[in-house]
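Listed below are the residues making up each chain.
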Amino acid sequence: MASLSVKPGQRFTLPDWQNNSLLISADAEQQRFNSHHIRQEGRVLRNDTGNQAKWDEHNSRTHLKDRITTVDKWREALAKCLTDIDLEIDALSKVKEAAENAIQAKNLCLDVAIECLTFRESRRDIDVVRDPVEEELHKEVKVIEKTKKELQQRVDDAFRQLCLLKEARQQLSSDHRHKVEALELDRQCMTFNPTSGNISFKVNPTRIPDGTTALSEWELNSRCNKEHAEAELRASVDLRGAITLTIAQTNNELDAQRIATEFALRKRMRDMEAALSELRWQEKNTLEEIAEMEEEIRQLEEDIKKRTLDLKVAHTRLETRTYRPHIELCRDQAQFGLTDEVQQLEGIIRALQQKRTESQDALDALYRQLHRIQTDIGYKTNSLQLDNKCMDTRRKLVVPVEKFDPEVDAVSRTRNLPRESQLELA
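All of these numbers come straight from a predicted model, not from anything done at the bench. (Residues numbered from 1 in each chain as written. Predicted model: local features only at pLDDT ≥ 70, side-chain atom pairs only at ≥ 80, totals over all residues. Heavy atoms only, no water.)

## Section: the overall build of the protein chain
Going by this rule: What counts as a helix is a DSSP run of H or I of at least four residues, what counts as a strand is a run of E of at least two, and both are numbered from the N terminus. With a 1.4 Å probe rolled over the protein chains alone, any residue whose accessible area is under 20% of its type maximum counts as buried; one over 50% counts as exposed, and the rest are partly exposed. Contacts between residues were defined by any pair of non-hydrogen atoms, one from each residue, lying within 4.5 Å. For the area figures, the Shrake-Rupley method with a 1.4 Å probe applies, and any residue is considered shielded solely by the protein chains shown.
Along the backbone of the protein chain there are 5 helices and 2 strands. Burial status across the protein chain gives 26% buried among its 426 residues. Taking the contacts inside the protein chain whose residues are at least 6 apart along the sequence as the reference set, 86% of them involve residues at least 24 apart. For the protein chain, the accessible surface area stands at approximately 30300 Å², while carbon and sulfur atoms represent 54% of it.

Okay, structure coming up:
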């Protein structure tokens, strides 16, 4: 009869079996409870951190918008100030040029007065008298020298004020350019979002860069630049008024000392000779400037060709490096350097092309001006020949100089002065 085989091993009791089942159930419930608790905590954490991140991003975007608004307001203020100072520089330059022209005109008057005195020194015998004409001529010389000194002082003041205006403009221009660059960067920051393709981790992004200034210092700098420019503008406007008034006063003083009518035609001829001399000088200088400008355009075109070749080299290097295998195709410093080089070269080429266009426009203007000068030389040469023919036939004509009263512009405080004396037959 076969015997029943007994499987070796430990035998547990029924209570052990029941306790083991209860323990497993209890552990399962505890693990589920712990898991549920962790899930609830994770959900709360996700909600809190998500809301906080959105709120922080909203605050950052709001601060960026506020900063852009502030900087843009300053940019507009500086741009307006730049426009005003450019207009004032142009206006003061024109007034200064008018004063210089007035000085030049006084030189002509002085030459005529001295020439008249020299003519009268040729008198003989009883005619060599100190008559009222000679006394008026000596008085005229003194008045002319006095007015020239006053005008020269005004010209010197205008030159110094122009230097101050240009210095203030340079500060304004630098500040305006920096604000434009800052606006571009902040507006670029406004475009960044989690789906942007050009976002990445940066090394120590919260560092404080060298040269960082306080907000109060930034605002004080812009305010000081603006106030300084406005102060120079006010000073320039006052100076323009003073120069215009001086020109008018000197003209009025000289109006009382005009030479006799028999010398009016000679004065007119000397005016024509001075104009011809100036035009020939302008013609010579214009021809020289045309030659220099043509050479400059040639140099610009050569530089454009050179920079274009450099750009081709940079493009080729970048394209060649795109074929690096696998992990070697990385954004290394060489890649950044080549990219920066391409951007710099493209900007340089655009600047050179723009300058070439401006130079060509200036050259065309020079050719037009040369034609105008040569035409005017022909006109004035003909007029001078006619004046020479008129000398013998117009000795008895009386041609008093028309008196000029400058019109004052109450807004710009400038005066419209005549370019040359207007003559009329009595």
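## So, the UniProt feature "coiled-coil region" (unreviewed entry) in the protein chain
Just so we agree on the cut-off: UniProt positions are given in the numbering used here, feature names are shortened, and annotations may be inferred rather than shown by experiment.
Per the UniProt record, "coiled-coil region" (unreviewed entry) is found at residues 134-161, 276-310 and 342-369. Within residues 276-310, the helical portion is 100% and the strand portion 0%, while the C-alpha atoms at the span's ends are 50 Å from each other. In residues 342-369, helix accounts for 100% and strand for 0%; the two terminal C-alpha atoms are 40 Å from one another.

## Examining the pattern of salt bridges
Rules: Put simply, a salt bridge is a Lys or Arg side-chain nitrogen that is within 4 Å of an Asp or Glu carboxyl oxygen.
The tally for this structure, following the rule as stated, stands at 21 salt bridges. A salt bridge links Arg160 to Asp157, with the shortest nitrogen-to-oxygen separation between them at 2.3 Å. Placement of both Arg160 and Asp157 in helix α2 (residues 132-191) is noted, with a separation of 3 residues, approximately one turn of the helix. Classification of Asp157 by relative accessible area gives buried; the value is 19%. Each of Asp72, Arg75, Glu76 and Arg187 takes part in salt bridges that share partners, so that together they form one network.

## Here we look at the nonpolar core
The test is simple: Side-chain atoms within 4.5 Å link the members of a nonpolar core, which is a set of buried Ala, Val, Leu, Ile, Met, Phe, Trp, Tyr and Cys residues.
Grouped together as the largest cluster of nonpolar side chains are 22 residues, with contacts concentrated most on Ile85, Leu92, Leu165, Leu172, Ala229 and Ile243. Elements supplying a minimum of two residues to this core: α1 (14-121), α2 and α3 (215-255). Take this core: its biggest share by element is 10 residues, from α1. Those residues within four positions of Leu172 in sequence are excluded, and the remaining contacts are Leu78, Cys81, Leu82, Asn225, Lys226 and Ala229. One finds Leu318, Leu338, Leu345 and Ile349 within the second-largest nonpolar core, a separate group that totals 7 residues.

## Focus: the confidence of the model for the protein chain
Threshold: Within a predicted model, pLDDT stands for the predictor's per-residue confidence, ranging from 0 to 100.
For the protein chain, mean pLDDT is 78; residues scoring 70 or higher make up 77% of the total. For residues 389-426, every residue scores under 50 in pLDDT, and the model assigns this stretch 60 contacts once sequence neighbours within four places are set aside.

## A look at the side chain of Asn225
Defined as follows: In protein, a polar contact means a hydrogen-donor-capable atom and an acceptor-capable atom, both N or O and within 3.5 Å, with residues adjacent in sequence counting only if both atoms are side-chain atoms; elsewhere, any N or O pair within 3.5 Å suffices.
Following the sequence through the fold, Asn225 ends up in helix α3. For Asn225, a relative accessible area of 11% translates into the label buried. A polar contact is formed between the side chain of Asn225 and the side chain of Asp175, at a distance of 3.3 Å. Apart from the residues lying within four places of it in its own chain, the contact partners of Asn225 are Gln171, Leu172 and Asp175.

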